[in-house]
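Okay, here's what each chain looks like letter by letter:
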Amino acid sequence: MSIADTVATTARSIIPMELQIRGAHLYDKTRRIVTRTDGQVMFTETPIPPVDDVDLADIDLSNPFLYRQGLWKSYFERVRNEAPVHFQPNSPFGPFWSVTRHADIIAVDKNHKVFSAEPFIIIGKPPRFMDIAMFIAMDPPRHDSQRAAVQGVVAPKNLREMEDLIRSRVQEVLDDLPVNQPFDWVRTVSVELTARMLATLLDFPYEQRHKLVEWSDLATSMEQTNGGPSDNDEVFGAMVDAAKGLSALWHDKAARKAAGEEPGFDLISLLQANDDTKDLIDRPLEFLGNLTLLIVGGNDTTRNSMSGGVLALNEFPDQFEKLKANPDLVPGMVSEIIRWQTPLAYMRRIAKEDTILNGQFIRKGDKVVMWYASGNRDERVFDRPDDFIIDRKNARNHIAFGFGVHRCMGNRLAEMQLRILWEELLTRFENIEVVGKPEYVQSNFVRGISKMMVTLTPKQ
Ligand code: HEM
């Protein structure tokens, strides 16, 4: 390590986290003023033409309005059939390859030696210093040791401990819902339950749980990373707040432990009990990165599966009837919900060497985007892929959780949360009717529903 690196590392370990982020924000702001890009909006929504009116070579799957405008299915279908490994040279995020078939996505995701997750897993590039190290964007062996440090929080034993608590929190929310009158399912149920789950994972002050959602929403909606609506100033503000809140939580837990309190099964207690991570707080950016990854990883994904399930059952009412007649189908349906919604559209890789994928020559250094949203609708694997079929035989072959070393760490927790939600809903309500058109988020990464009005009919 050079002297400059040693000085930088030492400085990072003694300057409080939020001051480092404030400094980074100042740097970013100054750079944007100097380059006259401050306040510029990269994306304004305009109607996207039907896919058949566009030349194959001009198709840009990174358009952040493709999902919102409902055109994603036809765009992906054409690319899957006509150019399954497709190159877009001129996107606002730079040139990138799209991998759109199920088998090719698995081949890339499994091959971390050739396709690196470093330095980022989104199409764009976060502002400097916002690129906090997270193990989702690290290759082995660094990835493996960092993942091992936090994996315990979602280990089967811990999940069994959490199940009752999660169920009682679901019950509380459902028991308070208005019946026979429209309300927003996203805000009242999906966001609320996700906030409660995240607060449980972290043992975060329960009354402040919405902060977790707020920070995470901002972190995943940056315009320059995935075409979202948030600008850098808002995101830096949230990160300062997150750094303060999460380090206060760490210090509070450490003090309670020192006073003899029995440690819980939450993430911070696990980190403090592990030899490799008990001083993580002294490595502020690594600390923030690990915690942010769990919050971000669990937020949009679980929330949008909760909303997506309701929407799917409304679009396929025969399946809703089948479910009501046989609630034992809930566990299988959970996989189908996750396939059908695919809350994260993709993960990105960089080719570490020249390689050939499904006949296409990919050069070392090229960006390669694995479109899970397309792989999960691949007609080569799923029969009638756009249909929602609650007892679909191969629903578990979906790739919404990824594949290979980065396969989602929270998959069992997410499935448990969705299973509990549907078990509890079916005991209370005869019908959940979506009224009006749902609203969708602006992003090429998160396949999110921002508002969905529903009316509940209680069971007699
Ligand atoms: C990784 C999806 C829920 C934490 C991932 C990846 C995807 C994903 C696509 C990357 C896989 C790859 O690169 O191969 C989902 C979906 C969820 C969900 C669809 C819900 C339906 C959760 C929850 C948590 C979580 C609840 C919180 C505990 C993580 C973490 C990683 C990850 C920590 C990084 C794993 C690694 O790099 O080794 N998830 N996720 N996820 N997810 Fe999830």
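Computed from a prediction, not measured in an experiment: that's the story for all the values here.

Participant: So what exactly am I meant to see when it comes to the confidence of the model for the protein chain here?
Facilitator: Any residue range with low pLDDT should be treated as having predicted coordinates unsuitable for detailed reading. When pLDDT is averaged along the protein chain, the result is 91, and 91% of the positions lie at 70 or above. Of the two predicted TM-score estimates for the complex, the pTM is 0.92 and the ipTM is 0.99.

Participant: Just checking my understanding: could you explain the side chain of Arg 303 for this structure?
Facilitator: For Arg 303, the position within the fold is in helix α12 (residues 284–315). Residue class for Arg 303 comes out buried when judged on its relative accessible area of 9%. Polar contacts involving the side chain of Arg 303 include one to the side chain of Asp 217, which spans 2.7 Å. Discounting residues that sit within four places of it in the chain, Arg 303 has contacts with Val 186, Ser 190, Val 191, Thr 194, Val 213 and Asp 217.

Participant: I would appreciate a short explanation of the site of the ligand in the present structure.
Facilitator: Taken together, 31 residues form the shell around the ligand, and within it His 143, Arg 147, Arg 349, His 406 and Cys 408 come nearest. Breaking the shell around the ligand down by element, the ones donating at least two residues are α5 (142–151), α7 (185–202), α12 and β5 (346–351). In terms of residue count, the dominant contributor to the shell around the ligand is α12 (7 residues). Among the residues forming the shell around the ligand, the class breakdown is 18 nonpolar, 9 polar and 4 charged.

Participant: Could you clarify how one ought to interpret the nonpolar core in this entry?
Facilitator: Generally speaking, a soluble globular protein has its nonpolar side chains buried in company with each other. Core analysis: the biggest nonpolar cluster contains 132 residues, and Trp 185, Leu 246, Leu 323 and Trp 422 have the highest contact counts within it. Among residues more than four places away in sequence, those in contact with Leu 323 are Leu 313, Leu 329, Val 330, Met 333, Ile 390, Trp 422 and Leu 426.

Participant: Can you walk me through the sheet that holds β5 in this structure?
Facilitator: Adjacent strands of a sheet form backbone hydrogen bonds with each other and so pair up, either parallel or antiparallel. The strand order across the open sheet built from 5 strands is β1-β2-β8-β5-β3, with neighbouring strands paired in mixed fashion. Since the sheet does not close on itself, it has two edges, and those belong to β1 (85–88) and β3 (115–116), each with one partner. Examined bridge by bridge, β1 and strand β2 (residues 96–99) share 4 bridges and lie antiparallel to one another. By the bridge assignment for β2, Val 85 is matched with Val 99. Strands in contact with helix α4 (residues 102–110) are β1, β2, β3, β5 and β8 (367–371); relative to β8, the strand with the most contacts, it is inclined by about 125°.

Participant: Would you take a moment to explain the packing of aromatic side chains for this structure?
Facilitator: Aromatic ring pairs are defined here through the distance separating the ring centres and the angle between the ring planes. With the rule as written, the count across this model stands at 12 aromatic pairs. Residues Phe 320 and Trp 422 carry aromatic rings whose centres are separated by 6.5 Å and whose planes lie at 80° to one another, so their mutual orientation is edge-to-face. Linking Phe 320 in helix α13 (residues 317–325) with Trp 422 in helix α16 (residues 411–428), this pair joins segments that are 102 residues apart in sequence. Note on Tyr 346 and Trp 371: the rings are 5.0 Å apart at their centroids and 65° apart in plane angle, and the pair reads as edge-to-face. One end of the pair, Tyr 346, is in strand β5; the other, Trp 371, is in strand β8, with 25 residues separating them in the sequence. For Trp 371, a relative accessible area of 1% translates into the label buried.

Participant: Which parts of the structure should I look at to understand unusual backbone geometry?
Facilitator: In most cases, non-glycine residues show a negative phi, while peptide bonds are predominantly trans. The omega angle of the peptide bond from Glu 118 to Pro 119 is -5°, so this bond is cis rather than trans. A cis geometry characterises the amide bond from Pro 140 onward to Pro 141, with omega recorded as 5°. Following the sequence through the fold, Pro 141 ends up in the loop between β3 and α5. Within the chain, Asp 203 stands out as a residue other than glycine whose phi angle is a positive 50°. Its place among the elements puts Asp 203 in the loop between α7 and α8 (210–219). Judged by relative accessible area, which is 35%, Asp 203 ranks as partly exposed. Phi is positive for Arg 384, close to 40°, though the residue is something other than glycine. With respect to the helices and strands, the residue Arg 384 is situated in the loop between α15 (372–375) and α16.

Participant: So what exactly am I meant to see when it comes to the pattern of salt bridges here?
Facilitator: Working definition: two side chains of opposite charge can pair if their charged atoms are close together. Throughout the structure, instances matching the rule amount to 34 salt bridges. Residue Glu 286 pairs with Arg 283 through a salt bridge whose shortest N-O separation is 3.1 Å. As a salt-bridge pair, Glu 424 and Arg 428 come within 2.9 Å of each other at their nearest N and O atoms. Taken together, the positions of Glu 424 and Arg 428, both in helix α16 and 4 residues apart, correspond to about one turn of that helix. The exposure classification of Glu 424 matches that of Arg 428, with both residues buried. In the salt-bridge network here, residues are joined through shared partners; they are Glu 163, Arg 167, Asp 175, Arg 419, Glu 423, Glu 424 and Arg 428.

Participant: Help me understand the coordination of the iron atom of the ligand in this model?
Facilitator: Where a metal carries four tetrahedral donors, each ideal angle is 109.5 degrees; where it carries six octahedral donors, the ideal angles are 90 or 180 degrees. Of the protein atoms, Cys 408 (SG) alone serves as a donor to the iron atom of the ligand, at 2.3 Å. For Cys 408, the position within the fold is in the loop between α15 and α16.

Participant: Just to check I follow, could you spell out the packing of helix α10 (residues 232–258) against α12 for this structure?
Facilitator: In helix packing, the relevant descriptors are the interaxial angle and the interaxial distance, both defined with respect to the helix axes. Put simply, α10 and α12 touch, their axes get as near as 11 Å, and they point 100° apart. Compared by their axis directions, α10 and α12 come out roughly perpendicular. Judged by residue contacts, Met 239, Ala 242, Ala 243, Leu 246, Ser 247 and Trp 250 of α10 engage Phe 287, Leu 288, Leu 291, Thr 292 and Ile 295 from α12.

Participant: Would you explain the side chain of Asp 378 in this entry?
Facilitator: Within the secondary structure layout, Asp 378 lies in the loop between α15 and α16. At a separation of 3.0 Å, a polar atom in the side chain of Asp 378 contacts the main-chain amide nitrogen of His 102. Engagement of the side chain of Asp 378 in a polar contact is seen with the side chain of Arg 380, the distance being 2.7 Å. Excluding its chain neighbours within four sequence positions, the residues that come into contact with Asp 378 are Arg 80, Arg 101, His 102 and Pro 385.

Cut-off values and rules
- Residues numbered from 1 in each chain as written.
- Predicted model: local features only at pLDDT ≥ 70, side-chain atom pairs only at ≥ 80, totals over all residues.
- Heavy atoms only, no water.
- pLDDT = per-residue confidence, 0-100.
- Helix = DSSP H or I, 4+ residues; strand = E, 2+ residues; numbered from the N terminus.
- Buried < 20%, exposed > 50% of the residue type's maximum accessible area, 1.4 Å probe, protein only.
- Polar contact = N/O pair within 3.5 Å; in protein donor to acceptor, adjacent residues only side chain to side chain.
- Contact = heavy atoms within 4.5 Å.
- Near = heavy atom within 4 Å.
- Nonpolar A, V, L, I, M, F, W, Y, C, P; charged D, E, K, R; others polar.
- Core = buried A, V, L, I, M, F, W, Y, C linked by side-chain atoms within 4.5 Å.
- Pairing = 2+ DSSP bridges.
- Axes fitted to C-alpha atoms, helices over the stretch in contact; angles between N-to-C directions.
- Phe/Tyr/Trp six-rings, centres within 6.5 Å; stacked < 30°, edge-to-face > 60°.
- Salt bridge = Lys/Arg side-chain N within 4 Å of Asp/Glu carboxyl O.
- Donors = N, O, S within 2.8 Å, 3.2 Å for Na, K, Ca; no water.
- Parallel < 35°, antiparallel > 145°, perpendicular 65-115°, else oblique.

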